[in-house]
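Residues per chain, in single letters:
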Amino acid sequence: MHDTPQVPYTPRVPSPRPHPVDSARREPAAPSALAPASFAQQRLWFLAQLPGGNEAYNEPVTFTLRGPLDTAVLRRALDALVVRQQALRTRLVAVDGEVYQHIGPPETGFALTADDLSGLPDSAARLDELRLREATAPFDLARGPLCRGRLLTLGEDHHVLLLTAHHTIFEGRSMTVMMSELGVLYAAVLDGRPSPPAPLPLQYTDHARAQRERVLSGGLAEHADFWQRPPADAPPLSGPPTGSPPTDSPRPAQQDLRGGARVEFALEADLTSGLRTPAREHGRTLFGSVLTGWSLLMSRLSGRTGVVVGTPTAGRRHNEDLADVIGFFVNTLPLRADFSRTATTGEAVAHVGGVLREALGHQDLPFEHIVELVNPVRGAAPTPLFDEDTARRYVRQLEQVLTDMASLPEVRDFRRRRAENGFRVEPLDCDHREALESSTSPRVAAVLGAELAALAPLSVAAPAVSEEA
């Protein structure tokens with residue numbers, strides 16, 4: 001925890017107003033035309049201008065491919081995917097103070113490089129070096145491309161495919177879409193068949209326009225009223241309340257997105273089952289129990305009964321035509337939990353679950369405008385409204401993505417921290433792997449990980465919520 005003087009926060013993201021492109025054209029953008037950036041893209045474009053802010057939003061994944069691979073067919077399949085998905089040929093440009101999506105032509109092609117490491121005595125070390133380089137190399141948002149790949153040959157039937165995209169055009173659901181469609185396209189090209197996927201009825205640019213129009217037309221006024229209530233008077237997690245012991249270290253004047261640490265630990269099947277019990281009793285999910293535990297930990301360490309954590313949502317619920325579209329749809333919700341009136345673990349789970357459910361009912365307002373409405377007091381270091389975030393990420397085992405081949409993803413987290421401290425839940429078979437990430441230091445990540453690992457069994461064994469648990 002840190003103790004930092006607070007200063008008023010002035011939003012840097014442009015306020016909702018008619019975009020020049022909106023005023024000039026209401027029809028879908030031509031393939032090579034400028035289109036309005038979404039509000040989330042505007043925010044990430046601004047953050048990318050900060051030290052380390054660009055590569056902090058890289059989305060890397062490694063696929064180990066076992067079996068015969070036709071590299072020429074793979075290239076053609078990736079190129080076909082770029083034709084189908086506008087986001088993969090999008091770059092972000094600033095013109096007269098506004099951020100636009102610039103959509104490249106369908107023949108842009110996919111940026112895939114290849115390296116043959118077979119026969120090298122240090123192939124394993126070279127693989128690790130290239131994997132780290134690809135995952136951490138910044139993107140040029142204005143020049144593009146914002147998605148790249150590297151195919152490494154380790155043997156005749158052994159390849160590693162490194163894919164990295166910038167978060168402004170990509171998120172978790174997009175990875176699932178990309179790998180599913182790549183498998184279909186690869187098989188079609190290999191067999192000499194026409195590309196089987198039906199044309200997409202909408203693209204990400206259509207989503208950005210529709211979202212902007214809803215905000216400008218006042219269609220989200222009900223959601224705006226909701227978000228101005230609970231988070232507005234929530235204390236920030238930036239220091240202890242008056243009279244509590246001093247913090248052990250000062251918070252940096254500015255959050256360093258280039259640093260950070262990750263600590264992993266696993267919850268055994270019995271403990272995972274035990275955590276499900278209070279969730280089921282109160283009609284909640286396992287994620288609700290984990291979110292409650294993380295919020296309780298933040299409450300305990302900060303000395304406050306009221307805490308705010310952030311959690312992402314998929315952002316695709318209103319239009320089924322967007323289900324198979326690659327893009328940056330995810331929205332972030334600040335969740336305010338108040339444990340002043342919860343005496344048991346069950347009550348805490350029920351309370352946090354209710355907060356989550358209510359927030360999900362108002363998830364359509366972009367996080368950027370929640371920040372503008374609340375106008376929180378903050379310094380240069382923390383994330384607006386919250387310093388901590390919690391997410392549930394499924395590590396999907398993609399088998400036979402490419403014909404006659406087993407493809408197993410190695411989701412190695414080279415990503416930098418985006419909130420000051422983050423918590424990820426990854427289900428693996430019956431057990432769950434938890435990951436604690438901190439933007440401050442390995443020591444902080446290790447301490448938080450140890451605290452949370454100790455808190456989980458206590459929450460199962462002892463239902464009482466107290467300052468000691």
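Coordinates for the structure precede this section.
Positions within a chain are numbered from 1, following the residues in the order the chain's sequence is written. Totals for whole chains, interfaces and linings use every residue, but because this is a predicted model, local features are given only for residues with pLDDT of at least 70 and side-chain atom pairs only at 80 or more, for both listing and counting. With hydrogens and water excluded, all non-hydrogen atoms of the structure serve as input to the side-chain values.

Quick word on helix H2 (residues 39-47)
- Only protein chains enter the accessibility calculation, which uses a 1.4 Å probe; a residue is then buried when its area is under 20% of its type maximum, exposed when over 50%, and partly exposed in between. The helix count covers DSSP runs of H or I at least four residues long, the strand count covers runs of E at least two residues long, and both are numbered beginning at the N terminus. Extensive coverage of H2 is indicated by the burial of seven of its nine residues.
- Every buried residue of H2 is accounted for by Phe-39, Ala-40, Gln-41, Gln-42, Arg-43, Leu-44 and Leu-47.

Description of the sheet that holds strand S2 (residues 34-36)
- DSSP calls a pair of strands paired once it identifies at least 2 bridges connecting them. Across the sheet, which stays open at both edges, the three strands sit in the order S2-S5-S4 with antiparallel pairing between neighbours. One side of each edge strand has no neighbouring strand; the edge strands of this open sheet are S2 and strand S4 (90-95). The mean angle between the axes of side-by-side strands here comes to 40 degrees, regardless of whether they run parallel or antiparallel.
- Whether two residues are in contact is decided by their heavy atoms: any pair within 4.5 Å suffices. Interaxial angles span 0 to 180 degrees and are taken between N-to-C directions of axes, which are lines fitted to C-alpha atoms, for helices over the stretch in contact. Lying over the sheet, H2 contacts S4 and strand S5 (98-103), oriented at roughly 105 degrees with respect to S5.
- This element, helix H6 (residues 204-216), spans S2 and S5 of the sheet and lies at about 40 degrees to S2.

Section: the side chain of Gln-41
- Checked against the element boundaries, Gln-41 lands in helix H2.
- With a relative accessible area of 0%, Gln-41 lands in the buried category.
- For Gln-41, the residues in contact, after removing those within four places along its chain, are Leu-92, Gln-101, Thr-168, Ile-169, Tyr-204 and Phe-328.

Here's the deal with the pattern of salt bridges
- What makes a salt bridge here is a side-chain nitrogen of Lys or Arg within 4 Å of a carboxyl oxygen of Asp or Glu, nothing more. One pass over the full model with this rule turns up 14 salt bridges.
- With a closest N to O distance of 2.9 Å, Arg-131 and Asp-128 form a salt bridge. One end of the pair, Arg-131, and the other, Asp-128, are both in helix H4 (residues 123-136), three residues apart, so they sit about a helical turn from each other.
- Judged by relative accessible area, Asp-128 falls into the partly exposed class, the value being 39%.
- The partner of Arg-150 in a salt bridge is Glu-134, and the shortest N-O contact between them spans 2.8 Å. Of this pair, Arg-150 sits in strand S7 (residues 147-155) while Glu-134 sits in helix H4, placing them 16 residues apart in sequence. Glu-134 matches Arg-150 in its accessibility class, with the two residues each being buried.

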